[in-house]
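Residue-level structural notes
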Amino acid sequence: EPEVTQTPSHQVTQMGQEVILRCVPISNHLYFYWYRQILGQKVEFLVSFYNNEISEKSEIFDDQFSVERPDGSNFTLKIRSTKLEDSAMYFCASMIRDREAQYFGPGTRLLVL
Amino acid sequence: GESVGLHLPTLSVQEGDNSIINCAYSNSASDYFIWYKQESGKGPQFIIDIRSNMDKRQGQRVTVLLNKTVKHLSLQIAATQPGDSAVYFCADAMEYGNKLVFGAGTILRVKS
C-alpha cells in the first residue's frame, strides 16, 4: 500500500540554524500539506501546496518557513533560522484530489537546542 | 468539551467491548470530516471519513455517525482490541484549501 515517507525521523539542531525536512508524498497525489504537533497537543495546520504554489498558510508559517517541490517526488519544508519553539513533530500529508482524505507520513521529530 | 495540552479525555474499555468516541464541531457549514488514529510517536492514520450528505458510514469494525443538528460526530469501534489503544482525533476538512482542523483528541485505553 502506498505511503507518505519522511526523512529524517529525528533532527536535533542549534537555535538559529537552518533545517530542511523532507517528504515523499504518495505518487499520484496532487495536494500536499505540512502540519506540526507540539508534544501533548493537537495537530496544527502549517501550509497547503497545490499546482506548484502555496494554497493557504497559517499564522505559524511566517517568513522563516518555506516549502518547495523541487522535483516530481519530493516536498520539503525549510525553516531558515530555527527557534526553541519550533521544537515539534512535523507531519507531511498528501491528498489525491480535492475533498478527499489526507494521508500522513510518520513525522520528523525536530528538537531545537 | 475542549481539552488542552496533556489533559485529553480518556476512555478505558475492556477488550471485546464496544467503544464510542465523541467529537463536537463548531462550523455549521462544515461538510467533510475524517477520523484519525495516532499511536505514540507515529503520524495520524486514516480510519474513516464522512460527508455531510450522510448520517452514518461503516467500515471494518468502525462506524461514524454524524448529527448535523447538534454538530456532533462519533466513532464507534466494535469489539475493541488492545491494538486499538491510541489517541483518536476527529478532523474537519475546511472547504477552501482542504486544511484539516483537528479536535483535541481522546485517549482510548483497552484493558485485557
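Read on for an overview of the structure. Throughout, a residue's number is its position along its own chain's written sequence, starting from 1. Both sets of labels track the order of writing: A upward for chains, 1 upward for ligands. Local features are withheld for residues below a pLDDT of 70 in this predicted model, meaning they are given only at 70 or higher, and side-chain atom pairs are given and counted only at 80 or more; totals for whole chains, interfaces and linings count all residues. To obtain the side-chain values, all non-hydrogen atoms of the structure were used and water was disregarded.

A look at the state of the cysteines
- Defined by distance alone, a disulfide is two cysteine sulfur atoms within 2.5 Å. Inspection of every chain in the model, using the stated rule, returns two disulfides over all chains.
- The residue that forms a disulfide with Cys-23 of chain A is Cys-92 of chain A, at a sulfur-sulfur distance of 1.9 Å. Taking the torsion about the S-S bond as the criterion, the Cys-23 of chain A to Cys-92 of chain A disulfide, at about -65°, is left-handed. With Cys-23 of chain A in strand β3 (residues 19-24) and Cys-92 of chain A in strand β9 (residues 88-95), the pair connects residues that are 69 residues apart, well separated along the chain.
- Three labels apply to residues, based on accessible area from a 1.4 Å probe with only protein chains included: buried if under 20% of the type maximum, exposed if over 50%, partly exposed otherwise in between. Owing to a relative accessible area of 0%, Cys-92 of chain A belongs among the buried residues under this scheme.
- Paired through a disulfide, Cys-23 of chain B and Cys-90 of chain B show a sulfur-sulfur distance of 1.6 Å. Here Cys-90 of chain B lies in strand β8 (residues 86-93) and Cys-23 of chain B lies in strand β2 (residues 19-24), a separation of 67 residues in the sequence. Residues Cys-23 of chain B and Cys-90 of chain B agree in their burial class; the two are buried. Think of it this way: any DSSP run of H or I at least four residues long counts as a helix, any run of E at least two long counts as a strand, and we number them from the N terminus.

With respect to a nonpolar patch on the surface
- A surface patch of nonpolar side chains, about 270 Å² in accessible area, is lined by Val-12, Leu-111 and Leu-113 of chain A.
- Position of Val-12 of chain A among the secondary structure elements: in strand β2 (residues 10-13). Surface patches are drawn from residues lacking salt bridges whose relative accessible area is over 30%; two like charges belong together within 9 Å, two nonpolar side chains (Val, Leu, Ile, Met, Phe, Trp, Tyr) within 5 Å. All accessibility values rest on the Shrake-Rupley procedure with a 1.4 Å probe; residue burial counts only the protein chains present in the view. Here, a salt bridge means any Lys or Arg side-chain nitrogen found within 4 Å of an Asp or Glu carboxyl oxygen.

A word on the interface of chain B and chain A
- Two residues form a contact once any of their heavy atoms are found within 4.5 Å. At the junction of the two partners, chain B supplies 27 residues and chain A supplies 25 residues.
- In total, about 2,000 Å² of surface goes out of reach between chain B and chain A, with carbon and sulfur atoms giving 50% of it.
- As a working definition, buried area equals the accessible area (1.4 Å probe) given up by two parts on being put together, with both sides summed. Looking at the side of chain B facing chain A, the largest losses of area belong to Asn-98, Lys-99 and Phe-102 of chain B, adding up to 28% of the total buried there.
- Remark: the boundary between chain B and chain A carries three salt bridges.
- In this structure, the salt-bridge partner of Arg-99 of chain A is Asp-31 of chain B, at a minimum N-O distance of 2.3 Å.
- Here a polar contact is taken to be a pair of N or O atoms separated by no more than 3.5 Å, where protein atoms must pair a possible hydrogen donor with a possible acceptor and residues adjacent in sequence count only if both atoms sit in side chains. Here chain B is connected to chain A by 12 residue pairs in polar contact (both at pLDDT 80 or more).
- Counting residues per element, the ones that place at least two in the side of chain B that touches chain A are β3 (32-38), β4 (45-51), β8 and β9 (100-102) of chain B.
- When residues of the side of chain B that touches chain A are assigned to their parent elements, the largest contribution, four residues, is made by β3 of chain B.
- Residues are sorted three ways: Asp, Glu, Lys and Arg are charged, Ala, Val, Leu, Ile, Met, Phe, Trp, Tyr, Cys and Pro are nonpolar, and all the rest, Gly among them, are polar. For the side of chain B that touches chain A, the residue count by class is 13 nonpolar, seven polar and seven charged.

Overview of the pattern of salt bridges
- Under the definition given, this model contains nine salt bridges over all chains.
- Its salt-bridge partner being Arg-61 of chain B, residue Asp-84 of chain B comes within 2.9 Å of it at the nearest N-O pair. Residue Asp-84 of chain B is located in the loop between β7 (72-77) and β8, and its partner Arg-61 of chain B is located in the loop between β5 (56-58) and β6 (62-67); the two are separated by 23 residues in the primary sequence.
- On the accessibility criterion, Asp-84 of chain B (7% relative accessible area) is buried.
- A relative accessible area of 30% means that Arg-61 of chain B is categorised as partly exposed.
- One salt-bridge network, held together by shared partners, links Arg-97 and Glu-100 of chain A together with Arg-51 of chain B.

A word on the sheet that holds strand β7 (residues 65-68) of chain A
Residues and elements named next belong to chain A.
- By the convention used here, strands pair only if DSSP detects at least 2 bridges between them. Here we have four strands laid out as an open sheet, ordered β1-β3-β8-β7, and antiparallel in their pairing. Lying at the two open borders of the sheet, with one neighbouring strand each, are β1 (5-7) and β7. Between one strand axis and the next, the sheet turns through 20° on average, direction left out of account.
- Sheet analysis places β3 next to strand β8 (residues 75-79), joined by five bridges and oriented antiparallel. The angle between two axes is taken between their N-to-C directions and runs from 0 to 180 degrees, where each axis is a line fitted to C-alpha atoms and a helix contributes only its stretch in contact.

Digging into the nonpolar core
- Within the largest apolar cluster, 23 residues are counted, with the highest numbers of intra-cluster contacts made by Tyr-33, Tyr-35 and Phe-104 of chain A together with Ile-34, Tyr-36, Leu-100 and Phe-102 of chain B.
- Those elements that place two or more of their residues in this core are β4 (31-37) and β9 of chain A together with β3, β8 and β9 of chain B.
- Beyond its immediate sequence surroundings of up to four residues, Tyr-36 of chain B is in contact with Gln-102 and Phe-104 of chain A together with Pro-44, Gln-45, Phe-46, Ile-47, Val-87, Tyr-88, Phe-89, Ala-91, Leu-100 and Phe-102 of chain B.
- Nonpolar cores were defined as sets of buried Ala, Val, Leu, Ile, Met, Phe, Trp, Tyr and Cys residues, with membership established by side-chain atoms within 4.5 Å. Within the second largest apolar cluster, 21 residues are counted, among which are Val-19, Phe-32, Phe-49 and Tyr-90 of chain A.

Geometric descriptors of this kind do not, in isolation, establish any biological role.
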